[in-house]
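What follows is each chain in one-letter form.
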Amino acid sequence: MVIGKPLPRKDARLKVKGEAQYIYDLSFPDEHFLAVVRSPHAHARIKKIKIDNEKAKQLGATIGTAKEIPGKNIVHVILDDWPLLAENVVRHVGEPVAIVVAKNPKNAKKAISAVHVEYEKLPELFDPTEAKDHSSIHIYGDNNIVSYWQQRKGDINKGFEEADIIVEGEYRTPAQEHAYIETQGCIAVPLGHDEITVYGSMQCPFYVQRAVADILGYPWSKVTIIQTTTGGAFGGKEDQPNQLASLVALGAYLTRKPVKYILSREEDIENTSKRHPAIIRMKTGASKDGVLTAVQVEHLMNSGAYATLTPAVLYRGCLHAVGPYRCPNVDVQSYAIATNLVPFGAFRGFGSPQVLFACEEQMDRIAAELNIDPIEFRERNLIKQGDTASFGQIIDNSVGMLETLKQAKKKSDWENKWKPAPDFNYVMEESKRGNYKWSGIGISTIFYGVGLGSAGKQLSRTGSYVQLEPDGSVRFAVGTTEIGQGMITVLSQIVASELGINYSKVNMMPVDTSRVPDSGPTVASRATTFSGRSLQNACQQIRSLMFEIIAPHLESDSCNLQIEGNYIISTSSEKKILVEDAIEIMYQERGQVAKAGWDVAPPTDYDNEKGQGNPYAIYAWCSNIAEVEVDTQTGTVLIKNIWAAHDVGRAINPQTLKGQIEGGTLQGVGYGRYEEIIFTPEGGILSNNLGTYLVPTTKDTPNIQSIIVEDPWKSGPYGAKGIGEQPLMGIAPAITNAIYNAIGVRISEIPATPERVWQAIQDKLQEEPE
Amino acid sequence: MYEFEIHSPTNLEEALKLKATFGAELHPLAGGTDVLVSIRNNHINWGECPSLLNLNKIQKLHFIRETPDTIEIGPLLTHTEISTHPLIRKHIPPLAKAVAFIGSPQIRNRGTIAGNMCHASPAADSLPILYCRNAKIEIQTHNRTNLVPIEEFITGPGFITIDPSGILTKIIIPKLPNYIGDYLSLRQRQALSCNVVSVGVEMFRPNCEGKITDIRIALGAVAPTVVRGRKTEKLLKNKVLTEDLIDEASSLIQTECIPIDDVRSNKSYRQAMTGVLLARFLFSQI
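For every chain, the first residue of the written sequence is number 1, and numbering continues from 1 onward in sequence order. Just so you know, chain letters begin at A and ligand numbers begin at 1, following the order they were written in. Under the rules for a predicted model, residues below a pLDDT of 70 receive no local features and side-chain atom pairs below 80 are neither given nor counted, while totals for whole chains, interfaces and linings still include all residues.

Q: Got a minute to help me understand the overall build of chain B in this structure?
A: Secondary structure elements follow DSSP: runs of H or I no shorter than four residues count as helices, runs of E no shorter than two count as strands, and numbering proceeds from the N terminus. For chain B, the count of helices and strands is twelve helices and 14 strands. The atom set for the radius of gyration is the C-alpha atoms, and the globule formula is 2.2 Å times the number of residues raised to the power 0.38. Taking 286 residues into account, the globule formula puts the C-alpha radius of gyration at 19 Å, and chain B, at 19 Å, falls close to it. Exposure classification rests on a simple neighbour count of other C-beta atoms within 10 Å of a residue's own: a residue reaching 20 or more is buried, one at 12 or fewer is exposed, and one in between is partly exposed. C-beta atoms are placed from the backbone. Residues counted as buried form 47% of the 286 residues belonging to chain B. We call two residues in contact when the distance between their C-beta atoms, placed using the backbone, is within 7 Å. For chain B, the proportion of contacts with a sequence separation of at least 24, taken over those separated by at least 6, is 63%.

Here it is, written out as structure tokens:
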């Protein structure tokens, strides 16, 4: 059985040997280079754009502004508010105003100074609280509200009346940079006067296809997008390549040359999307025996200057705000507000890490107030099979929540390690005596709606293509992408298993929009699950073709044939044939040897008027336990151990799965403890390279114990549900809860840098004099 | 990606001749861990892409030796060599500790202490202990040799005083027999990270519970250059260490720095931490 085996990654060898072709490695004859003229202002009116033609000519540069765009000057994502090149107003520092194309990068960069843009500065807004309903500064619409979602259940006032204890908190989370190892880049290659191919590092080639077609006004069938080996994405290459590919496509259209654009790290950090910063006010009520009675959330997300993916990110944020708990009375009000910062977008977890930080802090605070072990408190409230979630959906299938909690508890030795947080004044006194290192342990329990859900259900279908080769090997294509997560490997295992062909003989073709129909984006932890289902559909069709041709050879009826290992076996005649030999016969008999697969995701629905629905088809569950050591004098938090237990339905490849858990957990450590984009007062980005924007290094990596729980999803391929995002989502609150457990100080803003922890200690000293 | 000229003389005389001809146009290159980053960033003080004077082929500049009163270090000695060298470990142990914090193993294998010094970052890990030791820098030109105290050599963040035709040829570090020293620093993460505040200390007590007869304290990353905490040194001199004295010193040292808010940390934290780190050293000596 090839499913469930830790087989080596299909792409490991090429990548380790440095032979994989990234966008940087790809060149075309007579390729030209692009540079972008960007706005220095956060908010300004463009009064005039003057081109120094003499200078441009000297440098051999072609310049394009909004006027030169042959199609629509809109980069399509969701709300169609994002121009490719600013025409009248710039709304964030770094917004593209013009493109410059020249024979080499140096001339292209020099030619930027041939474009003189005259601006008139406009008042700017960076704080979403201030921007919401602003009377005079309008960045989006007439109130700056980009998107609104809500959850409503029961009677919130009654819920608080019934509560014996109410805890309120305000939480803040930062902009986080994806810091993928390969910066963004694309090459556009024009074919004749009305056809184009764009190569690039990306997650969602079909998004790019539409964006480029719209910008150039070409038919979609003449726009082909090919994904190159992609060095990480994490959401950062979901919508952004729409813009970058459109810029190079415009350059290629204007020059009729291949045009390449690869961002430097600084250009990438300054101008591409990041995780939305958020402010979350949360009020939670519980009975004295530790049962939730009411949860109220006011959730403000900073959308930045354009909507891009914000409505979808906010949807997920809103629906994850109450956490994986039963609660009869719920009121979640989520708003995304436009400001004059760089547009924020998709990032692993997609709006949920922000609200889960708040939610899990609240859960810990109530447990502490009630003097209940935080695990026990959660056990009393966690969703079990058959329970109703806060948004009204009955969760009836694949609910491994409590099992993840049980295993994380056991493996971390929680029972022996956890004690209530020490008294703060005692900690401070001891600290003065030189005992300034304190250990603590913290927990978070979270859930994740797998797939696009109701907000993106029109995109929730996947195509695939499977073709048998005469030598008994097989090639397949899908529309979702390998972005480092291991999709090629896992999908190859599925095809190998479905067709009885050795894993080593199954190969995936590069992702190319001309191979399979629009399969939606590679996001929402959906690639394995939904391309997997589509491949199962294709393979099932191929099996039927195969069985029909082979049946006579096995003196059997085709309905009695099945695949076992590498053989086709007849249950009636008990004869068998190697799949490889069967394929040879198919070729000899001129049988059809290729099939397209199709899958439509199970139904979802959500009624935002009522704040209730069935927003996702299936949920993944996770418990994280973190063990930390806090230095009370310096505020430094050392994260020693993390136990991450995940219900993934089924581990198709436990090795790549552990890779996902470890990588996501570490990125969560970054979010909770280290990483934060620092903006300048003018709305630019100060921490614009990896020397100032610090992600955790190997030396900062805690001991991560991955725990796999398998509660199969009946509709998932072999029961699998996806793992991409959950490992990041609940790490921050597990860390901050462990900090509280160590020293009795609450952290309401992440990351928990030494400065912030130290400040929290100083603030508490002020409020509670000894 | 970038083109520039490199001269690679094989002896010092040739290097000095080149430097005499091209002056500041020719930028010395030792390990390259700062210079190449600067070139890449186009930030270098010497123009857009200066020519480089590669010192790596001059064997004579790669040395460490002991004199009766000092340790002398050549400019090509790497951080790894310094942190592991028996002479440094014996005579300047806090320096061995300090340079082991720099960057990553790869950077320590390439980067040199002379380069760290010439880059003149107030956060340079090699500097506080050299300030405590009153190290001297030897600068040679084709016709002169000068000795400059480190506090005069470094004039600001990224700025040094050096004759345009001069090359740093030696670092002279006085021995401090029977001193107890330490280097304490805080940084944002455990590797590849500049420190946000650091404290170097060298202290002498004739007997271990008696009076401090000499103490030198240098602070990193809290002023435009590394600075000595001379008021605090004075406070502690000729006193016996007590908890009260440590409290006093830990408050006073905070007045001797002028930190800033920047991308790495903030003013009030840096200020408070100079006190915490100094107190940690002093407490360890009670």
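Q: Could you clarify how one ought to interpret the overall build of chain A in this entry?
A: On a plain count of helices and strands, chain A comes out with 21 helices and 28 strands. Here the C-alpha atoms of chain A give a radius of gyration of 27 Å, agreeing with the 27 Å that 2.2 N^0.38 yields for 770 residues. For the C-alpha atoms alone, the extent of chain A along its principal axes is close to 85 × 80 × 50 Å. Split into buried and exposed, the 770 residues of chain A put 61% on the buried side. Long-range pairs, those at least 24 residues apart, make up 81% of the contacts in chain A between residues at least 6 apart in sequence.

Q: Teacher, can you tell me more about the nonpolar core here?
A: Residues and elements named next belong to chain A. Note on terminology: a nonpolar core is a set of buried residues of type Ala, Val, Leu, Ile, Met, Phe, Trp, Tyr or Cys, with members joined through C-beta atoms within 7 Å. Core analysis: the largest hydrophobic core is formed by 325 residues, its most contacted members being Leu-34, Val-100, Val-248, Ala-249 and Ile-739. Broken down by element, the residue count for this core peaks at ten residues, all from helix α16 (residues 527–550). Look past the residues within four positions of Val-100 in its chain and what remains in contact with it is Leu-34, Ala-35, Val-37, Ala-61, Ile-63, Ala-108, Ala-111, Ile-112 and Val-115.

Q: What am I meant to see in the pairing of strand β15 (residues 330–338) of chain A here?
A: Successive side chains on a regular strand alternate, one facing one side of the sheet and the next facing the other. All names here are of chain A. Within β15, eight of the nine residues are buried, which leaves it mostly tucked inside the rest of the structure. Two strands qualify as a pair provided DSSP detects at least 2 bridges between them. The pairing of strand β7 (residues 145–153) with β15 spans eight bridges and is antiparallel. Looking at β15, one finds that Ser-147 is bridged to Ala-336. With nine bridges connecting them, strand β14 (residues 292–304) and β15 associate as parallel partners. Of the residues in β15, the one forming a bridge with Met-301 is Ala-336.

Q: What is the right way to read the interface of chain A and chain B from this model?
A: A common way to express how large an interface is: the accessible area buried when the components associate. Facing 17 residues of chain A, the contacting portion of chain B comprises 14 residues. Broken down by element, the side of chain A that touches chain B gets its largest block of residues, three residues, from helix α21 (residues 754–767) of chain A. Residue type decides the class: Asp, Glu, Lys and Arg count as charged, Ala, Val, Leu, Ile, Met, Phe, Trp, Tyr, Cys and Pro as nonpolar, and the leftover types, Gly among them, as polar. A per-class count over the side of chain A that touches chain B returns seven nonpolar, seven polar and three charged.

Q: Just to check I follow, could you spell out the sheet that holds strand β4 (residues 89–90) of chain A for this structure?
A: The strands making up a sheet are joined through hydrogen bonds of the backbone, oriented either antiparallel or parallel. Residue and element names in this part refer to chain A. Pairing in this open sheet of three strands is antiparallel, and the strands run β4-β2-β6 from one edge to the other. Of all the strands in the sheet, just β4 and β6 (115–121) have a single pairing partner and so form its edges. Direction of pairing for strand β2 (residues 44–51) relative to β4: antiparallel, over a ladder of two bridges. Considered in β4, the bridge of Arg-45 is made with Val-89.

Q: Whenever I open this one, helix α15 (residues 487–499) of chain A confuses me. Can you help?
A: Every α-helix carries 3.6 residues per turn, so stepping three or four residues along brings you back to the same face. Residue and element names in this part refer to chain A. Expected span, for any helix, means 1.5 Å times one less than how many residues it has. Here α15 contains 13 residues, and its C-alpha end-to-end distance of 18 Å stays within 8% of the 18 Å for a straight helix at 1.5 Å per residue. Of all 13 residues in α15, 13 are buried; the element is thus mostly enclosed. Just downstream of α15, Gly-500 is the residue with a positive phi angle, here 70°.

Q: I tried to follow the domain arrangement of chain B on my own but got confused; where do I start?
A: Residues and elements named next belong to chain B. Residue ranges for the domains originate in an automatic or database domain assignment. For chain B, the assigned domains read domain 1 (6–54), domain 2 (60–174) and domain 3 (182–284). For domain 1 versus domain 2, the distance between C-alpha centres works out to 18 Å. At the junction of the two partners, domain 1 supplies 16 residues and domain 2 supplies 21 residues. Ranked by the residues each element gives to the side of domain 1 that touches domain 2, the list is headed by helix α1 (residues 12–22), at six residues. Per-class residue counts for the side of domain 1 that touches domain 2 are seven nonpolar, six polar and three charged.

Q: I keep staring at the sheet that holds β15(A) and nothing clicks. Help me out?
A: All names here are of chain A. Strand order in the open sheet made by the five strands is β7-β15-β14-β13-β8, with mixed pairing throughout. Looking along the sheet, the strands with just one partner apiece sit at the ends: β7 and β8 (165–173). Strand-to-strand, the axes of this sheet are offset by a mean angle of 5°, without reference to chain direction. Sheet strands touched by helix α9 (residues 310–320): β7, β14 and β15. Its angle to β7, the strand with the most contacts, is close to 20°. Whenever a helix is involved, its axis is fitted only over the stretch in contact; in every case the axis is a line through C-alpha atoms, and angles between N-to-C directions fall within 0 to 180 degrees. This element, helix α10 (residues 352–369), spans β8, β13 (278–286) and β14 of the sheet and lies at about 145° to β8.

Q: Sorry if this is basic, but what is going on with the domain arrangement of chain A here?
A: Residue and element names in this part refer to chain A. Segmenting chain A into domains produces domain 1 (13–122 + 184–262), domain 2 (278–453 + 608–767) and domain 3 (461–600). Taking only C-alpha atoms, the centre of domain 1 and the centre of domain 2 are 37 Å apart. Contact residues are listed per partner, giving 18 residues for domain 1 and 20 residues for domain 2.

Q: What is the right way to look at the pairing of strand β9 (residues 185–191) of chain A in this model?
A: Residues and elements named next belong to chain A. Buried residues dominate β9, accounting for six of its seven residues. Pairing of β9 with strand β12 (residues 259–262) involves four bridges; the strand directions are antiparallel. Residue pairing for β12: Ile-187 is matched across the bridge by Lys-260. Here β9 runs beside strand β10 (residues 195–200); their pairing, made up of six bridges, is antiparallel. Among the inter-strand pairings, Val-189 is bridged to a residue of β10, identified as Thr-197. Hairpin connection of β9 to β10: three residues between the antiparallel strands, including Gly-192 at a positive phi of 60°.

Q: Help me out: how do you make sense of the confidence of the model for chain B in this one?
A: Predicted confidence across chain B gives a mean pLDDT of 94, with 97% of residues reaching 70 or more. In the predicted assembly, ipTM is 0.95 and pTM is 0.97. How sure the predictor is of each residue is captured by pLDDT, a score from 0 to 100.

Q: Can you help me understand the packing of helix α18 (residues 654–674) of chain A against helix α20 (residues 731–743) of chain A in this one?
A: All names here are of chain A. Running from N to C, α18 and α20 cross one another at 55°; their axes reach a closest spacing of 7 Å. The angle between α18 and α20 places the two elements in the oblique class. You can see that α18 and α20 cross each other, and the crossing is right-handed. Along its contact with α18, which presents Thr-665, Gly-668, Val-669, Tyr-671, Gly-672 and Arg-673, the element α20 presents Ile-731, Ala-732, Ile-735 and Thr-736. Across the contact of α18 with α20, the residue classes break down as five nonpolar, four polar and one charged. When an angle is under 35 degrees it counts as roughly parallel; over 145 it counts as roughly antiparallel; between 65 and 115 it counts as roughly perpendicular; any other value is oblique. Each crossing gets its hand from how the near helix is turned against the far one by less than a right angle, where anticlockwise is left-handed and clockwise is right-handed.

Q: How should the environment of A:Ile735 be read in this particular structure?
A: Structurally, the position occupied by A:Ile735 is in helix α20. With sequence-adjacent residues up to four places away left out, A:Ile735 is seen in contact with A:Gly442, A:Ala626, A:Val628, A:Ile639, A:Gly672, A:Arg673 and A:Ala752.

Q: How do you make sense of the packing of α10(A) against helix α11 (residues 374–381) of chain A when you look at a structure like this?
A: Between two packed helices, both the angle of their axes relative to each other and the distance between the axes serve to describe the pair. Residue and element names in this part refer to chain A. Across the interface, α10 lies against α11 with an axial gap of 9 Å and an inter-helix angle of 110°. Classified by the angle between their axes, α10 and α11 sit roughly perpendicular to one another. At the point where α10 passes α11, the crossing takes the right-handed sense. Along its contact with α10, which presents Met-363, Asp-364, Ile-366 and Ala-367, the element α11 presents Pro-374, Phe-377 and Arg-378. Residue classes in the contact of α10 with α11 are distributed as five nonpolar, no polar and two charged.

Q: What am I meant to see in α21(A) here?
A: If you check α21(A), its first and last C-alpha atoms are 20 Å apart, about what 14 residues at 1.5 Å a residue would give, namely 20 Å. All buried positions along α21(A) are accounted for by A:Pro754, A:Glu755, A:Arg756, A:Val757, A:Trp758, A:Ala760 and A:Ile761. Where the residues of α21(A) are buried, they touch β26 (618–631), β27 (637–647) and α20 of chain A together with β11 (180–187) and α12 (267–284) of chain B.

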